[in-house]
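Topology and contacts: notes
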Amino acid sequence: MVKVRSPASATVINAISMGKGSAFGIKLYVTSDVRVLNHDAKEDIECKCKSLDYPDMDTSLMDLCVKKVYYKLREFDIFNLKNITLKVETKSDIPPGSGLSSSSAASNSIVYATLMELLSEANLSRDDVDITDEDLLNMGIDASLEVGVTKTGSYDDASASFYGGWKITDNYERKILHDYIVDYQKVLIYIPNKSLYTAQSDVKAMKTLAPLVEIAFENAIKKNIEKALTLNGFLFCAALNLDSQISIDALKSGAKAAGLSGTGSAYSILVDDLSDIDEIKSALSKYEGKLVETSPDNKGSVVIG
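Keep in mind the model is a prediction, meaning the values are calculated, not measured. (Residues numbered from 1 in each chain as written. Predicted model: local features only at pLDDT ≥ 70, side-chain atom pairs only at ≥ 80, totals over all residues. Heavy atoms only, no water.)

Let us now look at the state of the cysteines. Scanning all chains against the criterion turns up one disulfide. The side chain of C47 participates in a disulfide bridge whose partner is C49; the two sulfur atoms lie 2.2 Å from each other. Disulfide C47 to C49: torsion about the S-S bond roughly 95 degrees, handedness right-handed. Each of the two residues, C47 as well as C49, counts as buried. Between C65, a cysteine without a disulfide, and C49, which holds the nearest cysteine sulfur, the sulfur-to-sulfur distance is 9.0 Å. Relative accessible area serves as the criterion here: at 0%, C65 is assigned to the buried category. (Disulfide = S-S within 2.5 Å. Buried < 20%, exposed > 50% of the residue type's maximum accessible area, 1.4 Å probe, protein only.)

This is the structure:
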(Lines give C-alpha, C1' and ligand atoms only; values in the text may rest on other atoms or scores of the structure.)
Protein backbone atom coordinates (compact mmCIF):
# COMPACT_ATOMS: atom_id res chain seq x y z
CA MET A 1 0.00 0.00 0.00
CA VAL A 2 1.14 3.54 -0.78
CA LYS A 3 -0.33 6.66 0.84
CA VAL A 4 0.14 10.13 -0.70
CA ARG A 5 -1.05 13.46 0.70
CA SER A 6 -1.72 16.46 -1.56
CA PRO A 7 -2.65 19.94 -0.32
CA ALA A 8 -5.57 22.11 -1.27
CA SER A 9 -4.86 25.45 -2.87
CA ALA A 10 -6.32 28.93 -2.52
CA THR A 11 -6.82 31.24 -5.48
CA VAL A 12 -4.84 34.39 -6.11
CA ILE A 13 -5.95 34.84 -9.75
CA ASN A 14 -8.83 32.86 -11.25
CA ALA A 15 -7.67 31.60 -14.67
CA ILE A 16 -11.11 31.32 -16.27
CA SER A 17 -11.12 34.94 -17.51
CA MET A 18 -7.84 35.00 -19.41
CA GLY A 19 -6.22 31.58 -19.20
CA LYS A 20 -3.54 32.73 -16.76
CA GLY A 21 -3.91 32.11 -13.07
CA SER A 22 -2.30 31.88 -9.69
CA ALA A 23 -2.76 29.83 -6.53
CA PHE A 24 -0.87 28.74 -3.42
CA GLY A 25 -0.89 25.54 -1.39
CA ILE A 26 -2.62 25.41 2.00
CA LYS A 27 -2.48 22.79 4.73
CA LEU A 28 -5.80 21.12 4.03
CA TYR A 29 -5.32 17.76 2.36
CA VAL A 30 -6.63 14.92 0.26
CA THR A 31 -4.92 11.68 1.23
CA SER A 32 -5.09 8.70 -1.13
CA ASP A 33 -4.40 5.07 -0.16
CA VAL A 34 -3.71 2.84 -3.16
CA ARG A 35 -3.09 -0.90 -2.91
CA VAL A 36 -3.06 -3.89 -5.26
CA LEU A 37 -5.87 -6.28 -4.32
CA ASN A 38 -5.24 -9.07 -6.81
CA HIS A 39 -4.10 -10.07 -10.28
CA ASP A 40 -7.44 -11.60 -11.31
CA ALA A 41 -9.19 -8.66 -12.99
CA LYS A 42 -11.09 -9.28 -16.22
CA GLU A 43 -9.46 -6.22 -17.78
CA ASP A 44 -5.86 -5.00 -17.78
CA ILE A 45 -6.67 -2.71 -14.86
CA GLU A 46 -9.74 -2.41 -12.64
CA CYS A 47 -10.24 0.09 -9.86
CA LYS A 48 -12.36 -0.16 -6.74
CA CYS A 49 -12.56 3.51 -5.81
CA LYS A 50 -14.19 5.15 -2.82
CA SER A 51 -14.19 8.48 -1.02
CA LEU A 52 -14.35 7.67 2.68
CA ASP A 53 -15.71 11.13 3.52
CA TYR A 54 -18.23 11.31 0.66
CA PRO A 55 -19.22 7.67 -0.10
CA ASP A 56 -21.82 8.69 -2.70
CA MET A 57 -19.33 10.78 -4.69
CA ASP A 58 -18.87 10.02 -8.39
CA THR A 59 -15.56 8.15 -8.70
CA SER A 60 -15.04 8.72 -12.45
CA LEU A 61 -12.06 11.02 -11.84
CA MET A 62 -10.42 8.55 -9.47
CA ASP A 63 -10.86 5.69 -11.92
CA LEU A 64 -9.48 7.65 -14.87
CA CYS A 65 -6.43 8.84 -12.89
CA VAL A 66 -5.54 5.23 -12.09
CA LYS A 67 -5.93 4.11 -15.70
CA LYS A 68 -3.82 6.95 -17.08
CA VAL A 69 -0.95 5.96 -14.81
CA TYR A 70 -1.30 2.26 -15.61
CA TYR A 71 -1.30 2.74 -19.39
CA LYS A 72 1.60 5.17 -19.18
CA LEU A 73 3.59 2.48 -17.39
CA ARG A 74 2.61 -0.06 -20.04
CA GLU A 75 4.60 2.02 -22.54
CA PHE A 76 7.74 0.66 -20.89
CA ASP A 77 8.71 -2.90 -21.85
CA ILE A 78 9.95 -3.69 -18.36
CA PHE A 79 6.46 -3.11 -16.89
CA ASN A 80 4.38 -6.19 -17.70
CA LEU A 81 1.68 -6.36 -15.01
CA LYS A 82 -1.81 -7.21 -16.29
CA ASN A 83 -5.24 -8.02 -14.85
CA ILE A 84 -4.57 -5.84 -11.80
CA THR A 85 -7.30 -4.80 -9.38
CA LEU A 86 -6.46 -1.71 -7.34
CA LYS A 87 -8.27 -0.43 -4.28
CA VAL A 88 -8.24 3.36 -4.00
CA GLU A 89 -9.58 5.20 -0.96
CA THR A 90 -9.43 8.92 -0.33
CA LYS A 91 -9.87 11.03 2.78
CA SER A 92 -10.29 14.77 2.47
CA ASP A 93 -10.14 17.90 4.61
CA ILE A 94 -11.46 19.85 1.61
CA PRO A 95 -15.22 20.19 1.04
CA PRO A 96 -16.04 19.54 -2.63
CA GLY A 97 -17.37 22.56 -4.51
CA SER A 98 -15.60 24.99 -2.17
CA GLY A 99 -13.13 26.47 -4.68
CA LEU A 100 -10.14 25.01 -2.80
CA SER A 101 -8.98 22.62 -5.54
CA SER A 102 -10.38 19.42 -4.09
CA SER A 103 -10.33 17.81 -7.55
CA SER A 104 -6.72 18.82 -8.23
CA ALA A 105 -5.59 17.56 -4.83
CA ALA A 106 -7.44 14.28 -5.37
CA SER A 107 -6.03 13.69 -8.84
CA ASN A 108 -2.49 14.59 -7.71
CA SER A 109 -2.55 12.24 -4.75
CA ILE A 110 -4.13 9.40 -6.73
CA VAL A 111 -1.77 9.49 -9.71
CA TYR A 112 1.28 9.74 -7.45
CA ALA A 113 0.16 6.92 -5.14
CA THR A 114 -0.89 4.73 -8.08
CA LEU A 115 2.50 5.13 -9.73
CA MET A 116 4.39 4.21 -6.56
CA GLU A 117 2.16 1.22 -5.77
CA LEU A 118 2.33 -0.23 -9.28
CA LEU A 119 6.10 0.22 -9.43
CA SER A 120 6.44 -1.53 -6.09
CA GLU A 121 4.24 -4.40 -7.26
CA ALA A 122 6.41 -4.76 -10.38
CA ASN A 123 9.64 -4.58 -8.31
CA LEU A 124 10.65 -1.39 -10.11
CA SER A 125 11.64 2.11 -9.00
CA ARG A 126 11.11 5.54 -10.51
CA ASP A 127 14.65 5.33 -11.86
CA ASP A 128 13.51 2.45 -14.09
CA VAL A 129 10.83 4.43 -15.96
CA ASP A 130 10.90 7.87 -17.51
CA ILE A 131 7.89 9.40 -15.75
CA THR A 132 8.54 12.84 -14.30
CA ASP A 133 6.62 14.83 -11.72
CA GLU A 134 5.37 16.99 -14.59
CA ASP A 135 4.06 13.85 -16.31
CA LEU A 136 2.11 12.94 -13.17
CA LEU A 137 0.75 16.48 -12.88
CA ASN A 138 -0.41 16.43 -16.50
CA MET A 139 -2.06 13.02 -16.15
CA GLY A 140 -4.19 14.38 -13.33
CA ILE A 141 -5.06 17.50 -15.32
CA ASP A 142 -5.94 15.47 -18.42
CA ALA A 143 -8.21 13.26 -16.34
CA SER A 144 -9.90 16.30 -14.78
CA LEU A 145 -10.53 17.83 -18.21
CA GLU A 146 -11.94 14.58 -19.59
CA VAL A 147 -14.28 14.13 -16.64
CA GLY A 148 -15.32 17.80 -16.84
CA VAL A 149 -14.49 19.02 -13.32
CA THR A 150 -12.42 21.96 -14.66
CA LYS A 151 -12.81 24.58 -17.40
CA THR A 152 -9.14 25.45 -18.02
CA GLY A 153 -7.32 22.37 -16.73
CA SER A 154 -6.65 24.28 -13.49
CA TYR A 155 -2.90 24.15 -14.02
CA ASP A 156 -2.49 26.90 -11.41
CA ASP A 157 -4.41 24.94 -8.76
CA ALA A 158 -2.90 21.61 -9.74
CA SER A 159 0.71 22.83 -9.76
CA ALA A 160 0.28 24.60 -6.39
CA SER A 161 -1.11 21.35 -5.00
CA PHE A 162 1.54 19.10 -6.54
CA TYR A 163 4.60 21.25 -5.82
CA GLY A 164 3.39 23.48 -2.97
CA GLY A 165 4.12 27.20 -2.66
CA TRP A 166 2.69 30.03 -4.75
CA LYS A 167 2.47 29.44 -8.48
CA ILE A 168 1.71 31.93 -11.27
CA THR A 169 0.86 30.04 -14.44
CA ASP A 170 -0.19 30.04 -18.06
CA ASN A 171 -2.92 27.42 -17.90
CA TYR A 172 -3.30 26.94 -21.65
CA GLU A 173 0.43 26.39 -22.16
CA ARG A 174 0.74 24.52 -18.83
CA LYS A 175 3.70 26.60 -17.77
CA ILE A 176 4.80 27.92 -14.39
CA LEU A 177 5.70 31.57 -15.00
CA HIS A 178 6.74 32.40 -11.43
CA ASP A 179 7.24 30.30 -8.32
CA TYR A 180 7.33 31.83 -4.84
CA ILE A 181 7.28 30.73 -1.22
CA VAL A 182 4.30 31.93 0.82
CA ASP A 183 5.48 33.23 4.19
CA TYR A 184 2.28 34.48 5.81
CA GLN A 185 1.84 32.94 9.22
CA LYS A 186 -1.79 31.93 8.89
CA VAL A 187 -4.51 31.48 6.32
CA LEU A 188 -8.14 31.59 7.41
CA ILE A 189 -10.64 29.86 5.16
CA TYR A 190 -14.29 30.81 5.46
CA ILE A 191 -16.55 28.11 4.00
CA PRO A 192 -20.28 28.88 3.69
CA ASN A 193 -22.87 26.14 4.08
CA LYS A 194 -23.17 25.57 0.34
CA SER A 195 -21.11 24.26 -2.54
CA LEU A 196 -20.52 25.92 -5.91
CA TYR A 197 -19.09 23.76 -8.69
CA THR A 198 -16.89 25.23 -11.42
CA ALA A 199 -18.71 23.24 -14.10
CA GLN A 200 -21.93 25.09 -13.20
CA SER A 201 -20.43 28.61 -13.12
CA ASP A 202 -21.25 31.49 -15.50
CA VAL A 203 -18.17 31.38 -17.72
CA LYS A 204 -19.39 34.18 -20.01
CA ALA A 205 -19.74 36.56 -17.06
CA MET A 206 -16.25 35.69 -15.83
CA LYS A 207 -14.64 36.16 -19.25
CA THR A 208 -16.02 39.72 -19.47
CA LEU A 209 -13.76 40.54 -16.52
CA ALA A 210 -10.55 39.81 -18.44
CA PRO A 211 -9.31 43.45 -18.73
CA LEU A 212 -9.74 43.97 -14.97
CA VAL A 213 -8.36 40.56 -14.03
CA GLU A 214 -5.29 41.55 -16.06
CA ILE A 215 -4.67 44.33 -13.51
CA ALA A 216 -4.85 41.82 -10.67
CA PHE A 217 -2.55 39.48 -12.60
CA GLU A 218 0.04 42.25 -13.07
CA ASN A 219 0.08 42.69 -9.29
CA ALA A 220 0.70 38.97 -8.88
CA ILE A 221 3.59 39.12 -11.34
CA LYS A 222 5.06 41.92 -9.19
CA LYS A 223 4.76 39.57 -6.20
CA ASN A 224 2.01 41.67 -4.60
CA ILE A 225 -0.15 38.78 -3.46
CA GLU A 226 -2.29 40.99 -1.22
CA LYS A 227 -3.56 43.30 -3.97
CA ALA A 228 -3.86 40.48 -6.51
CA LEU A 229 -5.85 38.14 -4.28
CA THR A 230 -8.17 40.84 -2.95
CA LEU A 231 -8.92 42.49 -6.32
CA ASN A 232 -9.49 39.11 -7.98
CA GLY A 233 -11.88 38.17 -5.19
CA PHE A 234 -13.98 41.31 -5.55
CA LEU A 235 -14.16 40.94 -9.33
CA PHE A 236 -15.35 37.35 -9.23
CA CYS A 237 -17.84 38.02 -6.43
CA ALA A 238 -19.37 40.68 -8.70
CA ALA A 239 -19.44 38.38 -11.74
CA LEU A 240 -20.96 35.47 -9.83
CA ASN A 241 -23.29 37.53 -7.64
CA LEU A 242 -21.60 36.41 -4.42
CA ASP A 243 -21.17 38.34 -1.18
CA SER A 244 -18.02 40.49 -1.08
CA GLN A 245 -18.92 41.86 2.37
CA ILE A 246 -17.20 38.83 3.89
CA SER A 247 -13.88 40.03 2.45
CA ILE A 248 -14.52 43.62 3.53
CA ASP A 249 -15.22 42.56 7.12
CA ALA A 250 -12.02 40.50 7.20
CA LEU A 251 -9.94 43.39 5.80
CA LYS A 252 -11.44 45.87 8.28
CA SER A 253 -10.45 43.50 11.09
CA GLY A 254 -6.78 43.29 10.15
CA ALA A 255 -6.50 40.75 7.32
CA LYS A 256 -3.71 41.47 4.81
CA ALA A 257 -5.81 40.09 1.94
CA ALA A 258 -9.19 38.45 1.52
CA GLY A 259 -11.06 37.14 -1.47
CA LEU A 260 -13.12 34.45 -3.12
CA SER A 261 -11.22 31.25 -3.90
CA GLY A 262 -11.90 29.79 -7.33
CA THR A 263 -15.56 30.28 -8.17
CA GLY A 264 -16.48 29.89 -4.51
CA SER A 265 -17.91 29.04 -2.18
CA ALA A 266 -14.85 29.50 0.08
CA TYR A 267 -12.99 32.73 0.85
CA SER A 268 -9.28 32.80 1.70
CA ILE A 269 -7.88 35.33 4.17
CA LEU A 270 -4.17 36.06 4.65
CA VAL A 271 -3.03 36.93 8.17
CA ASP A 272 0.47 38.20 8.97
CA ASP A 273 -0.03 39.33 12.55
CA LEU A 274 -1.35 36.55 14.78
CA SER A 275 -2.82 39.12 17.15
CA ASP A 276 -5.43 39.93 14.46
CA ILE A 277 -6.85 36.43 14.21
CA ASP A 278 -9.35 36.68 17.07
CA GLU A 279 -10.75 39.97 15.75
CA ILE A 280 -11.14 38.55 12.24
CA LYS A 281 -12.85 35.44 13.59
CA SER A 282 -15.19 37.59 15.64
CA ALA A 283 -16.06 39.74 12.63
CA LEU A 284 -16.92 36.68 10.53
CA SER A 285 -18.81 34.82 13.26
CA LYS A 286 -22.10 36.37 12.08
CA TYR A 287 -21.92 34.42 8.83
CA GLU A 288 -23.30 30.89 8.62
CA GLY A 289 -20.67 28.30 7.81
CA LYS A 290 -17.29 27.46 9.29
CA LEU A 291 -13.97 29.23 9.62
CA VAL A 292 -10.88 27.03 9.29
CA GLU A 293 -7.50 28.17 10.58
CA THR A 294 -4.59 26.79 8.57
CA SER A 295 -1.29 27.93 7.03
CA PRO A 296 0.50 27.89 3.67
CA ASP A 297 1.87 24.60 2.35
CA ASN A 298 5.20 25.00 0.56
CA LYS A 299 5.97 21.25 0.23
CA GLY A 300 3.23 19.93 -2.04
CA SER A 301 2.40 16.28 -2.61
CA VAL A 302 4.34 13.81 -0.48
CA VAL A 303 4.40 10.06 0.14
CA ILE A 304 3.47 9.53 3.79
CA GLY A 305 3.15 5.78 3.94
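Our focus in this paragraph is the pattern of salt bridges. Pairs can form between side chains of opposite charge whenever their charged atoms are close. Following the criterion strictly, the structure yields 12 salt bridges and no others. For the salt bridge of D63 with K67, the shortest nitrogen-to-oxygen distance reads 3.2 Å. Placement of both D63 and K67 in helix 1 (residues 60-73) is noted, with a separation of four residues, approximately one turn of the helix. When its relative accessible area of 26% is taken as the criterion, K67 is described as partly exposed. With a shortest N-O distance of 3.5 Å, E75 and K72 are connected by a salt bridge. E75 gets classed as exposed once you look at its relative accessible area, which sits at 55%. One continuous salt-bridge network, built from bridges that share partners, spans K186, K281 and E293. (Salt bridge = Lys/Arg side-chain N within 4 Å of Asp/Glu carboxyl O. Helix = DSSP H or I, 4+ residues; strand = E, 2+ residues; numbered from the N terminus.)

We now examine the packing of helix 3 (residues 133-147) against helix 4 (residues 155-163). In a pair of packed helices, the angle between the axes and the distance between the axes together describe the arrangement. For the pair helix 3 and helix 4, interaxial distance at closest approach is 10 Å and the crossing angle is 135 degrees. Accordingly, the angle class assigned to the pair helix 3 and helix 4 is oblique. Read as a crossing pair, helix 3 and helix 4 show a hand that is right-handed. Across the interface between the two elements, D133, E134, L136, L137, N138 and I141 from helix 3 touch Y155, A158, S159, F162 and Y163 from helix 4. Partitioned by chemical class, the residues of the contact of helix 3 with helix 4 number seven nonpolar, two polar and two charged. (Axes fitted to C-alpha atoms, helices over the stretch in contact; angles between N-to-C directions. Parallel < 35°, antiparallel > 145°, perpendicular 65-115°, else oblique. Left-handed = near helix turned anticlockwise from the far one by under 90°. Contact = heavy atoms within 4.5 Å. Nonpolar A, V, L, I, M, F, W, Y, C, P; charged D, E, K, R; others polar.)

Working definition: an aromatic ring pair is given by the centre-to-centre distance plus the angle between the planes. The full count for this structure, using the stated rule, is seven aromatic pairs. Here Y70 and Y71 contribute two aromatic rings whose centre-to-centre distance is 5.0 Å and whose plane-to-plane angle is 85 degrees, an arrangement assigned as edge-to-face. On the accessibility criterion, Y71 (41% relative accessible area) is partly exposed. Pairing Y112 with F162 gives two aromatic rings, centres 5.9 Å apart and planes at 25 degrees, and the pair type is stacked. Linking Y112 in helix 2 (residues 102-121) with F162 in helix 4, this pair joins segments that are 50 residues apart in sequence. Given a relative accessible area of 3%, F162 falls into the buried group. The ring of Y29 carries the charged tip of R5 above its face, separated from the ring centre by 4.2 Å. (Phe/Tyr/Trp six-rings, centres within 6.5 Å; stacked < 30°, edge-to-face > 60°. Lys NZ or Arg CZ within 6 Å of the ring centre and 35° of its normal.)

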